[in-house]
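Residues per chain are reported as follows:
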Amino acid sequence: IAPPAARALARLHEAGFEAWLVGGCVRDMLLGCAPKDYDLATSARPEETKAVFQGETVLETGIRHGTVTVLLEGMPLEITTYRVDGAYSDARHPDGVTFADNLRADAARRDFTINAMAYAPGRGLRDYFGGQADLRAGCLRAVGDPGTRFQEDALRILRGLRFAAVLDFSLEEETDRAARRYAPLLTKVSAERCAAELGKLLCGPAAGRILRAYPAVLGVVIPELLPMVGFAHRNAHHCYDVWTHTAVAVDHVPPRLPLRLAMLLHDMGKPDTFSLGEDGQGHFYGHPRRSVELAEGILTRLRFPRRTREQVLCLVRYHDAVIEESPQRVRRWLNKLGPERFFDLLEIQRGDASAQAPAYCTRLDHLRRLEKIAGEVLAEAPCLTVRELAVGGRELLALGYQGPAIGMALRRLLDCVLEGTLPNEKTALLQYLEQIDAKKSEGK
Ligand code: ATP
Ligand code: MG
């Protein structure tokens, strides 16, 4: 346990209040991994907590819900007064919160048993709902009646799938049944809250298994996914339907949100673009473009940041592109996408290929060779953009170029440098321009 968290507990205890670490940090400590952040629950009312931490930075982050954030030695600690949530009438928010006088009541409002434990050094673990046993069994069990809890706040359903994907756990039978039954209520939950859970779900090590097991639940949040479920490729490249292929591919890319989102969405356009060729094989002409259209709608609706959206759409757009194995072509792609995104694209192509029929895994060798070529190209400290050219606008002005002609000339030079026909050296570049100028005036 981090020293600032321990000191915060001690200060509340010294002032005569109960105080416990609660929720995710207790779960993570029992799992043997370092908590991302520490949440405390206390019998102190918010004003009392503020008084205990007088002299420290105290932010009233959620004062209406009894939460203040104390910055202790640079570590933000969320300290929440014991509370019970009032009735829920909209499947989203409690109508009001009431402070409670004991830890048990506070634990009972939490979502899953593994998230409902409390711990304090010297006082031990408080586990009212069998969280420790469920943690050992890899089991997600709602606290109380799952149906009631999911009707109160449908986001818990998605949180359940998120924890299952992140921890590689399974939903307990009744929790599972209620999750499927009440999933339609997720339409009442805000796009941002859903997107946050969906993002964490996708980045979990068991994301693929959860995608395969709960398409209908995800389909409430993203109905556009549903046509992929069970849609057969009917060609020799694939041994799975589109959705299963997608789920398998997700597990094959590194757990970074843009990559996982791109993998989730990369084949969405397939059902719309399917045609059966004369060869008896299923074809999907233009499916990446259709996938981009659908993906853009989804990413906008779920309010993913613009940068994430752009990254994802670029990867979806080019996921099927055939990249020739030559330094010239690789330099072109590096110019077009930038090195970082180029390597992301290779990851996407790798994930896609890994989830196809084994006979097509020769593509993996191709991708390995591309990666090697790109590594070699980059090791030469190449010029990949106009800004990296050894000449700039100033030199061209001196040569008598003006206005748009400057940009055009620079792009022409970059073209030759990418192609490898000119070295990126000032004299060579200027000489080349003089030559073409001379040719032009001869022609006149
Ligand atoms: P993470 O490691 O992602 O932060 P976490 O368990 O800490 O996981 P938070 O969203 O930070 O998750 O929530 C902190 C705690 O608050 C949870 O462990 C849980 O006890 C409780 N909680 C959060 N959201 C809900 C909810 N929608 N319904 C009931 N309890 C919730
Ligand atoms: Mg947390």
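Residues numbered from 1 in each chain as written. Chains lettered and ligands numbered in written order. Predicted model: local features only at pLDDT ≥ 70, side-chain atom pairs only at ≥ 80, totals over all residues.

Here's the deal with the domain arrangement of the protein
It is common to give the size of an interface as the accessible area that goes away when the parts come together. In plain terms, the rule: A domain assignment, automatic or from a database, supplies the domain bounds used here.
Examined at the domain level, the protein breaks down into domain 1 (1-137), domain 2 (145-221) and domain 3 (386-443). Using only C-alpha atoms to locate each centre, domain 1 and domain 3 end up separated by 65 Å.

Remarks on the packing of helix α17 (residues 327-337) against helix α18 (residues 339-354)
Short version of the rule: Interaxial angle, 0 to 180 degrees, is taken between N-to-C directions of lines fitted to C-alpha atoms, where a helix line uses only the stretch in contact. Helical segments are the DSSP runs of H or I of at least four residues, strand segments are the runs of E of at least two, and each set is numbered from the N terminus. Our angle categories are set so that under 35 degrees counts as roughly parallel, over 145 as roughly antiparallel, 65 to 115 as roughly perpendicular, and the remainder as oblique. The sense of a crossing depends on the near helix, which, turned anticlockwise from the far helix by less than a right angle, makes the crossing left-handed and, turned clockwise, makes it right-handed. Each residue is represented by a C-beta atom placed from its backbone, and any two residues with such atoms within 7 Å are regarded as in contact. Gly counts as polar in this scheme, as do all residues outside two lists: the nonpolar Ala, Val, Leu, Ile, Met, Phe, Trp, Tyr, Cys and Pro, and the charged Asp, Glu, Lys and Arg.
Taken N-terminus to C-terminus, the directions of α17 and α18 make an angle of 110 degrees; their axes are 7 Å apart at the nearest point. With respect to α18, the element α17 is oriented roughly perpendicular. In the crossing of α17 with α18, the sense of the turn from one axis to the other is right-handed. Residues W333, L334 and L337 of α17 pack against P339, R341, F342 and L345 of α18. A per-class count over the contact of α17 with α18 returns six nonpolar, no polar and one charged.

What to know about the UniProt feature "domain: Poly A polymerase head" (unreviewed entry) in the protein
Applicable threshold: UniProt positions are given in the numbering used here, feature names are shortened, and annotations may be inferred rather than shown by experiment.
Following the UniProt record, one finds the feature "domain: Poly A polymerase head" (unreviewed entry) at residues 19-141. This span, residues 19-141, is 22% helix and 34% strand, and a straight line between its end C-alpha atoms measures 25 Å.

Here's the deal with the pairing of strand β2 (residues 38-42)
The line we're drawing: Once C-beta atoms are placed from the backbone, each residue is buried if 20 or more other C-beta atoms lie within 10 Å of its own, exposed if 12 or fewer, and partly exposed for counts between those two. For two strands to be treated as a pair, DSSP must find at least two bridges joining them.
Burial within β2 is extensive, with four of its five residues counted as buried. In this structure, strand β1 (residues 19-22) lies alongside β2, joined through four bridges in antiparallel fashion. Across the sheet, V22 pairs through a bridge with D39, a residue of β2.

As for the site of ligand 1
Spelled out, the test is: Should the C-beta atom of a residue, placed from the backbone, lie within 6 Å of a molecule or strand, that residue is near it.
Taken together, the neighbourhood of ligand 1 is formed by G23, G24, K36, D39, R110, D111, N115, A116, D153, L155 and R156. Its residues assigned to classes, the shell around ligand 1 comprises two nonpolar, three polar and six charged. Looking at which domains feed residues into the shell around ligand 1, each of domain 1 (1-137) and domain 2 (145-221) supplies at least three.

Concerning the nonpolar core
As a reminder, the rule being used: Here, a nonpolar core denotes buried Ala, Val, Leu, Ile, Met, Phe, Trp, Tyr and Cys residues that are linked to one another through C-beta atoms within 7 Å.
In this structure, L21, L40 and L186 are the most contacted members of the largest nonpolar core, which totals 118 residues. With seven residues, helix α7 (residues 155-167) is the single largest residue contributor to this core. Apart from residues lying up to four places away in sequence, L40 is in contact with A8, L9, A19, W20, L21, V22, L77, E78 and I79.

Regarding helix α21 (residues 404-419)
Applicable threshold: Expected helix span is given by 1.5 Å per residue-to-residue step, counting one fewer step than there are residues.
Over its 16 residues, α21 extends 23 Å from the first C-alpha to the last, a length consistent with the 22 Å expected when each residue adds 1.5 Å. All of the buried residues in α21 are A409, L410, L413, L414, V417 and L418. Immediately beyond the C-terminal end of α21, within one or two residues, lies G420, with a positive phi of roughly 90 degrees.

Let's talk about the environment of H283
Relative to the helices and strands, H283 is located in strand β13 (residues 282-284). By the C-beta count within 10 Å, which is 15 here, H283 ends up partly exposed. Once the C-alpha coordinates of H283 and H233 are considered, the two residues, 50 residues apart in sequence, prove to be 8.0 Å apart. Excluding residues that lie within four positions of it along the chain, H283 makes contacts with S275 and G277.

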